[in-house]
Amino acid sequence: MQVILTQDVKSLGKAGTLVNVNDSYARNYIIPRKLGVEASKANLNNLKLKNANEAKIEAAKVANAKDTKAAVDGKTVLMKVRTGEGGKLFGAVTSSDVAEAIKKEFGIDVDKKKIVMDPIKQTGKTEVTLKLHKEVNATVTVDVEGE
């Protein structure tokens, strides 16, 4: 019997896949526990529509990430912070500070979790990577100056 999995099943596969299983296994285990549904024409059509919709959403996310990359890639963000002797900062510049500076300067929201960097504790220029999507990365230069 063919079954469309609605949840991940350890020995069979991931949610949304079409698998062949024993009739008794499907009727006694998978279907009663709502781990899958029988692969009828209507359910196969729903699966096809769901996969097409997910692909469309994913393409929109990639396009949005590419637009963001085009707007910020290779640009410099200037940050003025309080410093002590020798250019050392009071505290550090973190990813949330960089995200706020990008929003202020370019008007683009970037999640602080997508900014890959170590805290900046000295004045100067530092390269920061933005992981906008699995396929799209951008690089921004953060220029830290003392006040």
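Treat the numbers as computed from the prediction; the structure is a model and nothing was measured.

It is worth spelling out the overall build of the chain at this point. The secondary structure content of the chain amounts to three helices and nine strands. The linear arrangement of helices and strands in the chain, starting from the amino end, is β-β-α-β-α-β-β-α-β-β-β-β. For the chain, whose C-alpha radius of gyration is 24 Å, the value lies well above the compact-globule estimate of 15 Å for 147 residues. Dimensions of the chain, computed from C-alpha atoms along their principal axes, come out at roughly 75 × 25 × 20 Å. In the chain, of all internal contacts separated by at least 6 residues, the share reaching a separation of at least 24 is 50%. Accessible surface computed for the chain: about 9,800 Å², of which carbon and sulfur atoms make up 48%. Averaging the positions of the 25 positive and the 19 negative side-chain charges in the chain gives two centres separated by 8 Å.

According to the stated counting rule, one finds one aromatic pair in the structure shown. Each ring, one from Tyr25 and one from Tyr29, has its centre 5.4 Å from the other, and the planes form 10°; the classification is stacked. Residue Tyr25 and its partner Tyr29 are both found in helix α1 (residues 23-30); the two are separated by four residues, about one turn of the helix. Among the residues examined, Tyr25 registers a relative accessible area of 29% and is labelled partly exposed.

The residue His133 is located in the loop between β8 (124-131) and β9 (137-146) in this model. A residue is classified by how much of its surface remains accessible, and His133, at 14% relative accessible area, is buried. A distance of 2.7 Å separates the side chain of His133 from the side chain of Glu58, its partner in a polar contact.

Let us now look at the nonpolar core. Here is a general trend for soluble globular proteins: nonpolar side chains tend to be buried in one another's company. Counting 23 residues, the largest nonpolar core has Val93 and Leu130 as its most contacted members. Of all elements in the fold, only α2 (41-72), β4 (76-81), β5 (88-93), α3 (95-106), β8 and β9 reach the threshold of two or more residues within this core. Discounting chain neighbours no more than four positions away, the residues touching Val93 are Met79, Val81, Val98, Met117, Pro119, Ile120 and Val144. Membership of the second largest hydrophobic core comes to eight residues, among which are Val3, Leu5, Val9 and Val19.

In total, this model carries three salt bridges according to the counting rule given. Arg27 is the salt-bridge partner of Asp23, the closest N and O atoms lying 3.8 Å from each other. Of this pair, Asp23 and Arg27 both sit in helix α1, four residues apart, which is roughly one turn of that helix. Given the relative accessible area of 51%, Arg27 is considered exposed. A salt bridge links Lys80 to Glu145, with the shortest nitrogen-to-oxygen separation between them at 3.5 Å. Here the residue Lys80 occupies a position in strand β4, and Glu145 occupies one in strand β9, the gap between them amounting to 65 residues.

The rules behind each value
Residues numbered from 1 in each chain as written. Predicted model: local features only at pLDDT ≥ 70, side-chain atom pairs only at ≥ 80, totals over all residues. Heavy atoms only, no water. Helix = DSSP H or I, 4+ residues; strand = E, 2+ residues; numbered from the N terminus. Rg over C-alpha atoms; globule rule 2.2 N^0.38 Å. Contact = heavy atoms within 4.5 Å. Areas by Shrake-Rupley, 256 points an atom, 1.4 Å probe, with all protein chains shown as cover. Lys, Arg positive; Asp, Glu negative; His and termini not counted. Charge placed at Lys NZ, Arg CZ, Asp CG, Glu CD. Phe/Tyr/Trp six-rings, centres within 6.5 Å; stacked < 30°, edge-to-face > 60°. Buried < 20%, exposed > 50% of the residue type's maximum accessible area, 1.4 Å probe, protein only. Polar contact = N/O pair within 3.5 Å; in protein donor to acceptor, adjacent residues only side chain to side chain. Core = buried A, V, L, I, M, F, W, Y, C linked by side-chain atoms within 4.5 Å. Salt bridge = Lys/Arg side-chain N within 4 Å of Asp/Glu carboxyl O.

Don't take any of this as a statement about function, it's just geometry.
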